2 protein chains.
Amino acid sequence: VAAGHVTQDRLAQQLHFILEVDKLKNIVRRSLVTSGERLENDAEHSWHLALMAAVLAEHANDDIDVNRVIRMLLVHDIVEIDAGDAFIYDTGAQSAKEQLEREAADRIFALLPSDQAQEFRALWDEFEERETSEARYAAAIDRLQPLLLNHATGGATWSKYSITSDSVLGMNEKIDRGSSALWAHAQQVINDDVEKGYLEPGPVG
Amino acid sequence: VAAGHVTQDRLAQQLHFILEVDKLKNIVRRSLVTSGERLENDAEHSWHLALMAAVLAEHANDDIDVNRVIRMLLVHDIVEIDAGDAFIYDTGAQSAKEQLEREAADRIFALLPSDQAQEFRALWDEFEERETSEARYAAAIDRLQPLLLNHATGGATWSKYSITSDSVLGMNEKIDRGSSALWAHAQQVINDDVEKGYLEPGPVG
């Protein structure tokens, strides 16, 4: 009976977490989906990144445990349920978000049974710290994907927010830390965006 | 130079696949997201299942490789880009969908380099065949999630399509093959739906 109760309690906690994270489907990002019809949300973005990580694993700079990368990407944005999506080109929002995101992580992962709360929080911390090969590769995928969506939608986000190529290059050069091959490709995409008129060339010094 | 060309070709194929599968974000399902604001799409559904599979792994009937389950769930609905979402309670749509889905799998996975096309197609085939412990657990998660969303939204899908409890029990009893613990919980959810008036009791014989 005692063991049965423990299982029931664990399952109840797990299901609470599972319903809570459903809210990620309502957190809207700045990129359009490739059809151009609407903005992407964090849940579908997380799915796309997890699949990209599996497909592109051979391009990581280091030997990586791609399964850990996939798990990291499945939870990396969950904190935005409380903290919202902070646009990477909005530097004011970026500085405020760290504390908000830590508080969100404290609240949301704690819904799980304590062993799992620790396990998933550790994945989120690892992603945020960018110190392991897995975290750097995961972050590279997280940066590459919006570039691909912007390219596919004629630079919709760039023009809406008057972002120039120097910002895009500066903001995304960390892709190189996770994958030099993907950074080489990202630079080609950015140059092509400028040539096509999707992206204004950066301020001339 | 030759090796460089091979890498470029592989990356081009991989990126083609990655942009193609973005269309999964536009395939609408029958469940509402928990906020009740709109129907869920296949991409965010796939994210939710992958994370659920990780969180609930201890409830699988057999020892499973949860990482393979997660990969299976990331690709299991990709065929619906061509074949559309076939509602499980619409038995006519179900019988037509098999051929359409195989053709979709033939087309979409073939966008990848051939080694990866085989690898991802094998995951999809494994899911469809329900013969491994991993596939049965993955299918259990895929069945459980809409029950949870329906419960959270007052039985919205049940009432919209006049579905009764006997159909819901019959359609979902295969959860038991992947996880008896989750099937026990699912039955409680279904009974509670009936008690709350979210779901009509099945036809009395």
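Cut-offs applied
- Residues numbered from 1 in each chain as written.
- Chains lettered and ligands numbered in written order.
- Predicted model: local features only at pLDDT ≥ 70, side-chain atom pairs only at ≥ 80, totals over all residues.
- Heavy atoms only, no water.
- Helix = DSSP H or I, 4+ residues; strand = E, 2+ residues; numbered from the N terminus.
- Buried < 20%, exposed > 50% of the residue type's maximum accessible area, 1.4 Å probe, protein only.
- Contact = heavy atoms within 4.5 Å.
- Areas by Shrake-Rupley, 256 points an atom, 1.4 Å probe, with all protein chains shown as cover.
- Lys, Arg positive; Asp, Glu negative; His and termini not counted.
- Charge placed at Lys NZ, Arg CZ, Asp CG, Glu CD.
- Salt bridge = Lys/Arg side-chain N within 4 Å of Asp/Glu carboxyl O.
- Polar contact = N/O pair within 3.5 Å; in protein donor to acceptor, adjacent residues only side chain to side chain.
- Nonpolar A, V, L, I, M, F, W, Y, C, P; charged D, E, K, R; others polar.
- Expected span 1.5 Å × (residues − 1).
- Axes fitted to C-alpha atoms, helices over the stretch in contact; angles between N-to-C directions.
- Parallel < 35°, antiparallel > 145°, perpendicular 65-115°, else oblique.
- Core = buried A, V, L, I, M, F, W, Y, C linked by side-chain atoms within 4.5 Å.
- Phe/Tyr/Trp six-rings, centres within 6.5 Å; stacked < 30°, edge-to-face > 60°.
- Lys NZ or Arg CZ within 6 Å of the ring centre and 35° of its normal.
- Patch = residues over 30% accessible without salt bridge, like charges linked within 9 Å, V, L, I, M, F, W, Y side chains within 5 Å.
- 1 Å grid on protein atoms, 1.4 Å probe; cavity = no way out; pocket = protein on both sides within 12 Å on 5 of 7 lines; lining within 4 Å.
- Points joined across faces, edges and corners; volume = space filled by probe spheres on them.
- Least-squares fit on C-alpha atoms with pLDDT ≥ 70 in both.
- Left-handed = near helix turned anticlockwise from the far one by under 90°.

A. The overall build of chain A, seen in detail. Each helix and strand in chain A was counted, giving eleven helices and two strands. Across chain A, helices and strands are ordered from the amino to the carboxyl terminus as α-β-β-α-α-α-α-α-α-α-α-α-α. Seen through its principal axes, chain A has C-alpha atoms that stretch 70 × 35 × 30 Å. A buried classification covers 52% of the 205 residues belonging to chain A. Across chain A, contacts joining residues at least 24 apart in sequence account for 68% of those joining residues at least 6 apart. Summed over all atoms, the accessible surface of chain A reaches about 8600 Å², with 49% contributed by carbon and sulfur. On chain A, the mean spot of the 19 positive side-chain charges and the mean spot of the 36 negative ones are 3 Å from each other.

B. Expanded view of the interface of chain A and chain B. Across the boundary between the two partners, chain A contributes 52 residues, which contact 51 residues of chain B. Applying the counting criterion to the chain A and chain B interface returns four salt bridges. A:K25 serves as the salt-bridge partner of B:E40, at 2.8 Å between the closest nitrogen and oxygen. Along the contact surface separating chain A from chain B lie 30 residue pairs in polar contact (both at pLDDT 80 or more). Of all the elements in the fold, those that place two or more residues in the side of chain A that touches chain B are α1 (2-20), β2 (39-41), α2 (42-55), α3 (66-75), α6 (114-129), α7 (133-152) and α11 (180-196) of chain A. A total of ten residues in the side of chain A that touches chain B trace back to one element, the largest contributor, which is α2(A). Here the side of chain A that touches chain B is built from residues that sort into 28 nonpolar, 15 polar and nine charged.

C. Looking closely at α11(A). The end-to-end C-alpha separation of α11(A) is 24 Å, in line with the 24 Å expected for 17 residues at 1.5 Å each. Once α11(A) finishes, A:G197 follows within two positions and takes phi at roughly 85 degrees, a positive value.

D. Quick look at the packing of α3(A) against α6(A). All names here are of chain A. Running from amino to carboxyl end, α3 crosses α6 at an angle of 90 degrees, the nearest separation of the two axes being 9 Å. Taken together, the axis directions place α3 and α6 in an arrangement best described as roughly perpendicular. Along its contact with α3, which presents R68, R71, M72, L73 and V75, the element α6 presents E119, F120, L123, W124, E126 and F127.

E. Here's a closer look at the nonpolar core. Judged by nonpolar contacts, the single largest core of 118 residues is most densely connected at A:F17, A:L56, A:I78, B:F17, B:L56 and B:I78. In this structure, A:I78 is in contact with A:F17, A:V21, A:L24, A:I108, B:W47 and B:L51, ignoring residues within four places of it in sequence.

F. Quick peek at the packing of aromatic side chains. All names here are of chain A. Scanning all chains against the criterion turns up ten aromatic pairs over all chains. Between F87 and Y161, the aromatic rings sit 4.8 Å apart at their centres with planes inclined by 50 degrees, giving tilted as the arrangement. Here F87 is found in the loop between α4 (80-83) and α5 (91-109), whereas its partner Y161 is found in the loop between α8 (156-160) and α9 (165-172), with 74 residues between them in sequence. The rings of F87, Y89, W158 and Y161 are connected pair by pair, giving a single aromatic cluster. The lysine or arginine in question, R130, covers the ring of F127, its NZ or CZ lying 4.4 Å from the ring centre.

G. View of a negative patch on the surface. Residues and elements named next belong to chain A. On the surface, a cluster of negative charge is contributed by E98, E128, E129 and E131. Assignment of secondary structure puts E129 in helix α6. Using a relative accessible area of 49% as the deciding quantity, one classes E129 as partly exposed.

H. Focus on the layout of surface pockets. All names here are of chain A. There is about 980 Å³ of room inside the largest pocket. Lining the largest pocket are 41 residues, with I88, Q94, K97, R130 and R143 positioned closest to its centre. Here the lining of the largest pocket takes eight residues from α7, the largest share from any one element. Taken together, the residues of the lining of the largest pocket sort by class into 14 nonpolar, eight polar and 19 charged.

I. Quick look at the relation of the copies chain A and chain B. For the pair chain A and chain B, the superposition axis carries a translation of 0.0 Å, the fit reaches an RMSD of 0.0 Å, and the rotation angle comes to 180 degrees. Here the copies are linked by what is in effect a two-fold axis. Residue by residue, 98% of the interface of chain A is reproduced at the interface of chain B, so both copies engage with the same surface.

J. Highlighting the pattern of salt bridges. Counted by the stated rule, this structure contains 36 salt bridges over all chains. Here B:E126 makes a salt bridge to B:R68, at a shortest N to O gap of 2.8 Å. Here B:E126 is found in helix α6 (residues 114-129), whereas its partner B:R68 is found in helix α3 (residues 66-75), with 58 residues between them in sequence. Where B:D125 meets B:R121, a salt bridge forms, and the shortest distance between an N and an O atom there is 3.1 Å. Residue B:D125 and its partner B:R121 are both found in helix α6; the two are separated by four residues, about one turn of the helix. Its relative accessible area of 24% is what places B:D125 among the partly exposed residues. One continuous salt-bridge network, built from bridges that share partners, spans A:D22, A:K25, B:R29, B:E40, B:D42 and B:D85.

K. Focus on the packing of α3(B) against helix α7 (residues 133-152) of chain B. Residue and element names in this part refer to chain B. Orientation of α3 relative to α7, taken along the N-to-C sense of each, is 55 degrees, at an axis distance of 9 Å. One finds that α3 runs oblique with respect to α7. Regarding α3 and α7, the two cross each other, and that crossing is right-handed. In contact with R68, V69, M72 and L73 of α3, α7 contributes E134, A135, Y137, A138 and I141. Looking at the contact of α3 with α7 residue by residue, the class counts come to seven nonpolar, no polar and two charged.

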